[in-house]
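# A structural walkthrough
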Amino acid sequence: MSVLGTLAGIIADSPLRDAAVHALGNVPGLPPLLQSLHILSIVVVICAFVVPQFKVMGIAAHRQLYPEMLDRLTPWGCWALVVLLLTGTVFIIARPYRYLGNPLVGIKFGFLAGALLLTWLLARRARQSAPLFTTAQRTVALLTVLSWFGVVFSARWIAYVDYLFWEG
Ligand code: HEM
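Within each chain, residues carry numbers counting from 1 in the order of the written sequence. Totals for whole chains, interfaces and linings use all residues, but because this is a predicted model, local features are given only for residues with pLDDT of at least 70 and pairs of side-chain atoms are given and counted only at 80 or more.

### Description of the nonpolar core
The nonpolar side chains of a soluble globular protein tend to be buried with one another. In terms of nonpolar packing, the biggest core is built from 20 residues, with Val45, Phe49, Ala115, Leu122, Ala141, Trp148 and Val151 touching the most fellow members. Going along the chain from the N terminus, every DSSP run of H or I of four or more residues is numbered as a helix, and every run of E of two or more is numbered as a strand. The set of elements that each furnish at least two residues to this core consists of helix 3 (30-57), helix 4 (66-94), helix 6 (103-129) and helix 7 (135-164). We call two residues in contact when the distance between their C-beta atoms, placed using the backbone, is within 7 Å. Ignoring anything within four residues of it in the chain, the contact list for Val151 reads Lys108, Phe111, Leu112 and Ala115. Here a nonpolar core is just a set of buried residues of the types Ala, Val, Leu, Ile, Met, Phe, Trp, Tyr and Cys, joined wherever their C-beta atoms sit within 7 Å. To assign burial, the other C-beta atoms lying within 10 Å of each residue's own C-beta are counted, with C-beta atoms placed from the backbone; 20 or more indicates buried, 12 or fewer indicates exposed, and intermediate counts indicate partly exposed.

### Points about the site of the ligand
Taken together, 20 residues lie around the ligand, and Leu84, Gly88, Phe91, Ala155 and Ala159 are the ones closest in. Looking at the shell around the ligand, the elements with two or more residues in it are helix 3, helix 4 and helix 7. Top element by residues in the shell around the ligand is helix 4. It accounts for seven residues. Under the scheme applied, nonpolar residues are Ala, Val, Leu, Ile, Met, Phe, Trp, Tyr, Cys and Pro; charged residues are Asp, Glu, Lys and Arg; polar residues are all the others, including Gly. Class assignment for the residues of the shell around the ligand results in 15 nonpolar, four polar and one charged. Only the C-beta atom matters for this test: placed from the backbone, it must lie within 6 Å of a molecule or strand for the residue to be near it.

### Things to note about helix 7
End to end, helix 7 covers 40 Å across 30 residues, agreeing with the expected 44 Å (1.5 Å per residue, within 8%). Values of bend correspond, residue by residue, to the angle between axes fitted over the seven residues ending at that residue and the seven starting there. At Ile158, helix 7 shows its maximal kink, close to 45 degrees. Along helix 7, the positions that sit buried rather than exposed are Val140, Ala141, Thr144, Val145, Ser147, Trp148, Val151, Ser154 and Ala155. On its buried face, helix 7 is in contact with helix 3 and helix 6. Given the number of residues in a helix, its expected span is that number minus one, multiplied by 1.5 Å.

### Observations concerning the packing of helix 4 against helix 6
The geometry of helix 4 relative to helix 6 is characterised by a closest axis approach of 9 Å and an angle of 145 degrees between their N-to-C directions. Across from Tyr66, Pro67 and Leu70 in helix 4, the residues of helix 6 making contact are Ala123, Ala126 and Arg127. Classifying every residue of the contact of helix 4 with helix 6 gives five nonpolar, no polar and one charged. Angular values range over 0 to 180 degrees, each being the angle between N-to-C directions of two axes fitted as lines to C-alpha atoms, with helices fitted over their stretch in contact.

### With respect to the confidence of the model for the protein
Any region with low pLDDT has predicted coordinates that should not be read closely. pLDDT expresses, on a scale from 0 to 100, how confident the predictor is about each individual residue. Confidence along the protein averages 94 in pLDDT terms, with 98% of residues attaining 70 or more. Mean pLDDT across the secondary structure elements of the protein bottoms out at helix 1 (residues 3-13), with 93, and peaks at helix 3, with 98.

### Concerning the packing of helix 6 against helix 7
Where helix 6 contacts helix 7, the axes come no closer than 8 Å and their chain directions differ by 160 degrees. Here helix 6 lies roughly antiparallel to helix 7, going by the angle between them. The handedness of the crossing between helix 6 and helix 7 comes out as left-handed. Split into classes, the residues belonging to the contact of helix 6 with helix 7 amount to 19 nonpolar, eight polar and two charged. With respect to orientation, any angle under 35 degrees is reported as roughly parallel, any angle over 145 as roughly antiparallel, any angle of 65 to 115 as roughly perpendicular, and every other angle as oblique. Note on convention: near helix rotated counterclockwise from far helix by under a right angle means a left-handed crossing. Clockwise means right-handed.

Set out below in structure tokens:
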């Protein structure tokens, strides 16, 4: 069995899963509330981590100072990531086989790891060279934007894989 399959089995047998299923089924409005918080946090993450890339690429925020932008936006992005982790994990714990067996979930977290790494690397490097950015930095900024869009796109597709591979 794969690592994710084993992990799904451990989660499925744990009392945490019963608690998550109970909460989602019995607390009125909890599923849409968590999903809405997830979506609102996506907006914050995109604003905090994608808009500075547009500045590096030279297509937006011309009057803003790059280091100042990073200082202002990064804490918002980090807190939104915490909310995403907490809200998303409840659903994964409640239905571990559905999510951990879904290839789009792996793709989403692959994109997320890449997006976070590129965002961090570029912020470190470009902060030093601002307000001038090299072509390499602009290229990395573009790749970072594409990685964040990859996270959103693959996550949105998680729900549709059930239909695509449904054999009934
Ligand atoms: C950090 C840990 C995260 C976890 C554990 C997580 C988990 C989840 C889960 C379980 C779903 C429900 C999928 C479904 O049933 O359709 C979901 C949806 C989604 N997530 Fe995340 N997620 C995380 C971070 C992110 C990030 C960083 C983004 C984008 C910046 C993101 C974007 C989305 C989108 C676009 C959806 C689909 C929302 C919808 O259409 O209702 N997630 N996530």
